[in-house]
Amino acid sequence: MEVPMIVKLSAGLATLCLLTAPVFAQSAAKPTDPQIAHIAYTAGQLDIDAAKQALEKSKNKKVRDFAQDMVRDHTEVNKQALALVGKLKVKPEDNDTSRALTKEAAAKRDELAKLNGAAFDKAYVAHEVAYHTTVNGALESTLIPSASNGELKGLLQTGLKVFQGHQQHAEHVAADLK
Amino acid sequence: MTPKRIAFIASVLSLSVSARAETIQVTIDKLVFTPAEVNAKVGDTIELINKDALVHTATATNGDWNANIPASQSGQVVMKKPGAADYYCKLHPNMKGRIVVAP
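Caption draft 1: Highlighting the pairing of strand S4 (residues 45-50) of chain B. Residue and element names in this part refer to chain B. Among the six residues in S4, five count as buried, and that is most of the element. In terms of strand pairing, S4 meets strand S7 (residues 74-78) through five bridges, oriented antiparallel. Counterpart to leucine 48 in the pairing with S7 is glycine 75.

Listed below in structure tokens is the structure:
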């Protein structure tokens, strides 16, 4: 019995869909190394910018010390990240996640700009806890597992330990402000 | 007791302490204190060698002592009291270690 052309075609299409769907789903969910490098660098730079705003506005010693720690640590980690991407000849590539992070940070900066004194300190430190929690979650669940280069993965793993430390440090400062 | 005699006793005491005191090294690499637990005696110095390009501290949880450790340098702290002391890094509190100090 001859199989009608339409059946053959749809069977062919179904096979094609089965093959391409997982690849597409994977490429949509799994960032590439150039994208991962861009996301990690951007996340660090945004935290430096937030710390600089805190250093302009806050008079609280613990908050200022924390902000200085953030500038120093994230500057160093990003320096190492830039050195690594240079060595690996990876060109960081802008992407939706980096853009979303940047947009969110700009909104937060505007919101914090309206606050002063203890209200600013509390809001800044609370945001630092939340921000590091989010970035650490992304590092653990997506960025580290997706990184294909071993050295990039290693730097992200060290970065995660640094940022987990920052998260706990921020939680301590938040507790002190209460 | 004459001042001279006090000075003599003090120098003998400090000599005997320095002769017995040791320096115990703890390395910090990628935010980990290694070894995580060390044994020391009262008077020993703990030298913390920081291989990270980040500033760390070694701070006793009970607040008894603190060492600031600059990036890629080392810091020292002398154990003055017997007992077990947990410590951490104030800047990255997920870094933890323990020193057991014998009298």
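Now that the structure is up, let's keep going.
Caption draft 2: Quick peek at the interface of chain B and chain A. Of the residues lining the interface, 11 residues belong to chain B; the matching set on chain A comes to 14 residues. Here chain B packs against chain A, burying approximately 1,100 Å² in sum over the two surfaces, 60% of which is carbon and sulfur. Applying the counting criterion to the chain B and chain A interface returns zero salt bridges. Run the count over chain B and chain A and you get five residue pairs in polar contact (both at pLDDT 80 or more). A per-class count over the side of chain B that touches chain A returns seven nonpolar, two polar and two charged.

Caption draft 3: The packing of helix H5 (residues 117-146) of chain A against helix H6 (residues 150-177) of chain A, seen in detail. All names here are of chain A. Contact geometry for H5 and H6: axes closest at 9 Å, N-to-C directions at 155 degrees. With respect to their mutual orientation, H5 and H6 come out roughly antiparallel. Where H5 crosses over H6, the handedness of that crossing is left-handed. The residue makeup of the contact of H5 with H6, split by class, is 14 nonpolar, seven polar and six charged.

Caption draft 4: Broad picture of H6 of chain A. Across its 28 residues, H6 of chain A extends 40 Å between first and last C-alpha, which sits within 8% of the 40 Å expected from 1.5 Å per residue. Here H6 of chain A starts with a cap whose side-chain oxygen sits 2.8 Å from the backbone nitrogen of glutamate 151 of chain A, and that cap is asparagine 149 of chain A.

Caption draft 5: Molecular detail of the pattern of salt bridges. Residue and element names in this part refer to chain B. What the rule picks out here adds up to 13 salt bridges over all chains. Of the charged contacts, one joins glutamate 22 and lysine 41 as a salt bridge, the two residues approaching to 3.3 Å between their closest N and O atoms. You can see glutamate 22 sitting in the loop between helix H1 (3-20) and strand S1 (23-29) and its partner lysine 41 sitting in strand S3 (residues 37-41), a full 19 residues away along the chain. A residue is classified by how much of its surface remains accessible, and glutamate 22, at 42% relative accessible area, is partly exposed. Overall, the relative accessible area of 30% leaves lysine 41 in the partly exposed class. Residue arginine 98 is joined to glutamate 37 by a salt bridge in which the shortest nitrogen-to-oxygen separation is 3.8 Å. A residue pair is termed long-range when its members are at least 10 positions apart, and arginine 98 in strand S9 (residues 96-102) and glutamate 37 in strand S3 qualify at 61 residues. Relative accessible area serves as the criterion here: at 32%, arginine 98 is assigned to the partly exposed category.

Caption draft 6: Highlighting the sheet that holds S9 of chain B. Residues and elements named next belong to chain B. Read from one edge of the open sheet, five strands run S3-S9-S8-S5-S6, paired in mixed fashion. One side of each edge strand has no neighbouring strand; the edge strands of this open sheet are S3 and strand S6 (66-69). In this sheet, adjacent strand axes meet at a mean angle of 20 degrees when their direction is disregarded. Examined bridge by bridge, strand S5 (residues 56-60) and S6 share four bridges and lie antiparallel to one another. Bridge pairing links histidine 56 to isoleucine 69 in S6.

The rules behind each value
- Residues numbered from 1 in each chain as written.
- Chains lettered and ligands numbered in written order.
- Predicted model: local features only at pLDDT ≥ 70, side-chain atom pairs only at ≥ 80, totals over all residues.
- Heavy atoms only, no water.
- Buried < 20%, exposed > 50% of the residue type's maximum accessible area, 1.4 Å probe, protein only.
- Helix = DSSP H or I, 4+ residues; strand = E, 2+ residues; numbered from the N terminus.
- Pairing = 2+ DSSP bridges.
- Contact = heavy atoms within 4.5 Å.
- Buried area = accessible area lost by both parts, 1.4 Å probe.
- Salt bridge = Lys/Arg side-chain N within 4 Å of Asp/Glu carboxyl O.
- Polar contact = N/O pair within 3.5 Å; in protein donor to acceptor, adjacent residues only side chain to side chain.
- Nonpolar A, V, L, I, M, F, W, Y, C, P; charged D, E, K, R; others polar.
- Axes fitted to C-alpha atoms, helices over the stretch in contact; angles between N-to-C directions.
- Parallel < 35°, antiparallel > 145°, perpendicular 65-115°, else oblique.
- Left-handed = near helix turned anticlockwise from the far one by under 90°.
- Expected span 1.5 Å × (residues − 1).

No statement about biological role is implied by the geometric values presented.
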